[in-house]
Amino acid sequence: MTGPNPATPTTTKICPNCDGFATAAISSGGRDSRGHLHTLTVDCSACHGTGTLPLRPRLAVTACEVAAR
């Protein structure tokens with residue numbers, strides 16, 4: 001604990017498909033007349049370029065009944 005307030009739970013997690021590296025530059029292999037490399041910027045299809053996904057809500061137990069034998 002680093003401060004007087006307790007840590008708050010996070011509401012997001014790192015995307016398992018891209019491991020947080022949400023955008024990639026992919027070379028098309030060609031160069032233009034000035035020598036610049038042609039690249040395409042592609043976003044992760046699972047997180048849409050954010051690198052994170054929302055956490056799934058936890059199941060809450062509202063009522064628990066135990067039967068004794």
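Throughout this document, residue positions are counted from 1 along each chain, in the order its sequence is written. Where local features are concerned, this predicted model is filtered to residues with pLDDT of at least 70; where side-chain atom pairs are given and counted, the filter is 80 or more; whole-chain, interface and lining totals use all residues. As a convention, hydrogens and water are excluded, and side-chain values are obtained from all of the structure's heavy atoms.

Once that is clear, we can look at the overall build of the protein. In terms of helices and strands, the protein carries zero helices and four strands. Scanning the protein from its N terminus toward the C terminus, one meets helices and strands in the order β-β-β-β. Here's how the labels work: a residue is buried when its accessible area is under 20% of the maximum for its type, exposed when over 50%, partly exposed in between, all with a 1.4 Å probe on protein chains only. Considering the protein as a whole, with its 69 residues, one finds that 10% of them fall into the buried category. Pairs of residues are marked as contacts when any of their non-hydrogen atoms sit within 4.5 Å. Counted over contacts in the protein with a minimum sequence separation of 6, partners at least 24 positions apart contribute 52%. With an accessible surface of roughly 6,600 Å², the protein has 56% of that area assigned to carbon and sulfur atoms. Each helix is a run of H or I in the DSSP string that is no shorter than four residues. Each strand is a run of E no shorter than two, and both are numbered from the N terminus. The Shrake-Rupley method, run with a 1.4 Å probe, gives the accessible areas here. Residue values count only the displayed protein chains as cover.

Okay, the pairing of strand β2 (residues 23–31) next. The pairing of β2 with strand β3 (residues 37–43) spans six bridges and is classified as antiparallel. From the neighbouring strand, I26 faces β3, where its bridge partner is L40. Pairing between two strands requires that DSSP report at least two bridges joining them. Connecting the antiparallel pair β2 and β3 is a turn made up of five residues, with G35 showing a positive phi of about 95 degrees.

Okay, a nonpolar patch on the surface next. Nonpolar side chains collect at one region of the surface, where I26, L40 and V42 lie side by side and expose about 250 Å² of accessible area between them. Mapped onto the elements of the fold, I26 is located in strand β2. Patch criteria: residues need more than 30% relative accessible area and no salt bridge. Like-charged residues are merged within 9 Å; nonpolar side chains of Val, Leu, Ile, Met, Phe, Trp and Tyr are merged within 5 Å. When a carboxyl oxygen of Asp or Glu is within 4 Å of a side-chain nitrogen of Lys or Arg, the pair counts as a salt bridge.

What follows is about the nonpolar core. Formed by C15, C18, A22, C44, C47 and L53, the largest nonpolar core amounts to six residues. When sequence neighbours within four positions are dropped, the list of residues in contact with L53 reads T12, K13, C15, P16, A46 and C47. Nonpolar core, defined: a set of buried Ala, Val, Leu, Ile, Met, Phe, Trp, Tyr and Cys residues in which side-chain atoms within 4.5 Å join the residues together.

Further remarks concern the environment of T52. Note that T52 resides in strand β4 (residues 52–54). The class of T52 is partly exposed, set by a relative accessible area of 31%. Sequence separation between T52 and T12 is 40 residues, and the spatial gap between their C-alpha atoms is 6.1 Å.

All quantities given are derived from atomic positions and should not be read as evidence of function.
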